[in-house]
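Topology and contacts: notes
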Amino acid sequence: MSTSQPSAPATPVRPTGRSRRASRTNRLGHGSFGYVFFAPFLVVFVIGIAAPLVYAAYLSFFQDRLVGGNVFVGFDNYTRALGDELFRAGLWRVTLFLLVQVPVMLALALLAALAIDSGRLRWPALFRIGIFVPYAVPAVVASLMWGYLYGDRFGLIRQLGDALHTDVPRLLSDSWLLTSIGNIVTWEYVGYNMLILYAALRTVPHELYEAAEVDGAGEFRKAWSIKLPALRPALALATVFSIIGTFQLFNEPNVLQSLAPDVISTSYTPNMYAFNLAFNGQQFNYSAAVAVVLGGVTAVVAYAVQARSMRKEQSL
C-alpha cells in the first residue's frame, strides 16, 4: 500500500528584469497614447477657456487711473459690481427670462421628442429635421429675421394687422421686448434640446414597453411611467445648458438694439453691459470683474440645479 506524499506548494515565478522592464514599457506606452489623444483637447481648453478666465480674474484686481497708471485695488471692482444698479437690473432681467423662457422651451422640446418617439407621426424624419433647422441658423441672422417681423413701421406682423384692420401689440416695446426675445431663443433652441431628449429616449430598452403593453398600459401611461423617468438625466443636462445660455444672452438683444434703441440699453443684459464697458467705455478692469461675477452666478445656479437633480436620482 503506497502513500502519496503531499506535493510542495508551487513557488511563484518572479518576473525577470527583462520582463519587468517590458511590463513597465507597456504601461508607459499605453499611458503615453492616452496623453496623445487627450492633448488636443487640453491645448484648446487651456488656450480657449482657462487662460482667458485667469487673465480676466487678473485684470479684475486692478484699476487704470490717471495718476499711478494700473494700480492693484484688491476686491474694489467686485464691491462696485455688486452694488451696481445697472448690473443688478440686467441680472434680474435675465433671471426673469430664465424662469419663464426655459421651462416653455424645454416643455416644447419634450413634447416634440415624445411625439417623434411615439412612432405615430407620418414622416418623423422630416418632422425632426424641420424642428432642428432653426438651430442651424446663426443667432445674428435669426435676430435680424425676427426683427424684420417685429418692426413697427415695416414689419410683416404690423402689415398683417393693418391688412386685417386689427391692432397688434408693439413687439419691440418695453412691455413686450423680453417676450419677443424669448420667442427668438425658443425658436432657435427647441430643436437642439429635442435632439438631446430624443437621443435619451432611444436608449430606453424596448422590453420595458413590451412589458407595459402586456399590463395593458396605453401610450400616455408608458410616457408617464417609463419615458419621463428615463428622461430625467437628459432634462437636467438640457436645463444646465439652458441656464448657461440664458446668463450669456447677448446676440439677440444686441442685434435688436438698433431697432429699439430706446428700450434696449447698453446694460440690457449683463453680457452686453460687460461688453460695452470694455469696448465702448474702455473700462477693461471693471468689465472683467463684472464678467467674473456673472460667471460665478452662472456656475452656482447651474451647480445647484445639477445637484438637485442628482439628489432626486439617488432618492429613486
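Each remark here, short or long, concerns the structure printed above.
Cut-offs and rules
- Residues numbered from 1 in each chain as written.
- Predicted model: local features only at pLDDT ≥ 70, side-chain atom pairs only at ≥ 80, totals over all residues.
- Heavy atoms only, no water.
- Helix = DSSP H or I, 4+ residues; strand = E, 2+ residues; numbered from the N terminus.
- Buried < 20%, exposed > 50% of the residue type's maximum accessible area, 1.4 Å probe, protein only.
- Contact = heavy atoms within 4.5 Å.
- Areas by Shrake-Rupley, 256 points an atom, 1.4 Å probe, with all protein chains shown as cover.
- Salt bridge = Lys/Arg side-chain N within 4 Å of Asp/Glu carboxyl O.
- Patch = residues over 30% accessible without salt bridge, like charges linked within 9 Å, V, L, I, M, F, W, Y side chains within 5 Å.
- Lys, Arg positive; Asp, Glu negative; His and termini not counted.
- Charge placed at Lys NZ, Arg CZ, Asp CG, Glu CD.
- Phe/Tyr/Trp six-rings, centres within 6.5 Å; stacked < 30°, edge-to-face > 60°.
- Lys NZ or Arg CZ within 6 Å of the ring centre and 35° of its normal.
- Axes fitted to C-alpha atoms, helices over the stretch in contact; angles between N-to-C directions.
- Parallel < 35°, antiparallel > 145°, perpendicular 65-115°, else oblique.
- Nonpolar A, V, L, I, M, F, W, Y, C, P; charged D, E, K, R; others polar.
- Expected span 1.5 Å × (residues − 1).
- Pairing = 2+ DSSP bridges.
- Core = buried A, V, L, I, M, F, W, Y, C linked by side-chain atoms within 4.5 Å.

1. A word on the overall build of the protein chain
A tally of regular secondary structure across the protein chain gives 13 helices and 2 strands. Put simply, the protein chain has 316 residues, and 34% of those count as buried. The long-range share in the protein chain, meaning contacts at least 24 apart out of those at least 6 apart in sequence, stands at 65%. If you sum the accessible surface of the protein chain, you get close to 20,200 Å²; carbon and sulfur atoms cover 66% of it.

2. Some details on the pattern of salt bridges
Scanning the model with the defined rule gives 3 salt bridges in all. The closest approach of N and O atoms between R202 and D117, which form a salt bridge, is 3.3 Å. On the criterion of sequence distance, the pair formed by R202 in the loop between α7 (177-201) and α8 (206-214) and D117 in helix α3 (residues 85-117) is long-range, its members being 85 residues apart. You can call D117 buried: its relative accessible area is 13%. Salt bridges here are not isolated pairs; linked through shared partners, they connect D117, R202 and K227.

3. Focus on a positive patch on the surface
There is a patch of like positive charges on the surface, built from R232, R308, R311 and K312. Top contributing element to the positive patch by residue count: helix α13 (residues 284-315), with 3 residues. In this structure, R311 sits in helix α13.

4. Examining the packing of aromatic side chains
One pair of aromatic rings is described through two measures. These are the centre distance and the angle between the planes. This model, assessed by the stated rule, comprises 16 aromatic pairs. Ring geometry for F41 and F45: centres 5.9 Å apart, planes at 25°, overall stacked. Residue F41 and its partner F45 are both found in helix α1 (residues 17-59); the two are separated by 4 residues, about one turn of the helix. Taking 5.3 Å as the distance between ring centres and 85° as the angle between the ring planes, the aromatic pair formed by F61 and F75 counts as edge-to-face. With F61 in the loop between α1 and β1 (62-65) and F75 in the loop between β2 (69-72) and α2 (76-82), this pair connects stretches of sequence that are 14 residues apart. When its relative accessible area of 56% is taken as the criterion, F75 is described as exposed. Seen from the ring of Y268, R93 lies directly overhead, with NZ or CZ sitting 4.4 Å from the centre. In this structure, K227 packs its charged tip against the face of Y209, placed 5.6 Å from the ring centre.

5. Points about the packing of helix α10 (residues 232-247) against α13
Across the interface, α10 lies against α13 with an axial gap of 10 Å and an inter-helix angle of 170°. By the criterion of interaxial angle, the relationship of α10 to α13 is roughly antiparallel. On the side of α10, the interface is formed by R232, P233, A236, T239, V240, I243, I244 and F247, while α13 contributes L294, V297, T298, V301, A302, V305, Q306, S309 and E313. Among the residues making up the contact of α10 with α13, the classes are represented as 11 nonpolar, 4 polar and 2 charged.

6. A closer look at unusual backbone geometry
Its identity as a non-glycine residue notwithstanding, H165 has a phi of 55°, on the positive side. Within the secondary structure layout, H165 lies in the loop between α6 (156-163) and α7. Phi at Q282 is positive, roughly 55°, even though this residue is not glycine. Within the secondary structure layout, Q282 lies in the loop between α12 (270-279) and α13.

7. Concerning α10
For α10, built from 16 residues, the straight-helix expectation of 22 Å at 1.5 Å per residue is met to within 8% by its first-to-last C-alpha distance of 23 Å. The elements touched by buried residues of α10 are α3, α7 and α13.

8. Quick notes on the pairing of β1
As paired strands, β1 and β2 are joined by 4 bridges and run antiparallel to one another. Looking at the pairing, Q63 lines up with V71 of β2. Here β1 hands over to β2 after 3 residues, with G68 in that stretch at a positive phi of 105°.

9. Let's talk about the nonpolar core
Within the largest apolar cluster, 19 residues are counted, with the highest numbers of intra-cluster contacts made by F87, L91, F247, Y273, Y286 and V290. Secondary-structure elements contributing two or more residues to this core are α2, α3, α10, α12 and α13. The element best represented in this core is α3, accounting for 6 residues. If we ignore the near neighbours within four places in the chain, the residues touching Y273 are D84, L86, F87, T266, S267, Y286 and V290.

10. Let's talk about the environment of L294
Of note, L294 is situated in helix α13. Remark: the alpha-carbon pair of L294 and A81, spanning 213 residues in sequence, is separated by 9.8 Å. Contact partners of L294, with chain neighbours within four places excluded, come to F87, L91, F247, P270 and N271.

Read these as geometric descriptors, not functional statements.
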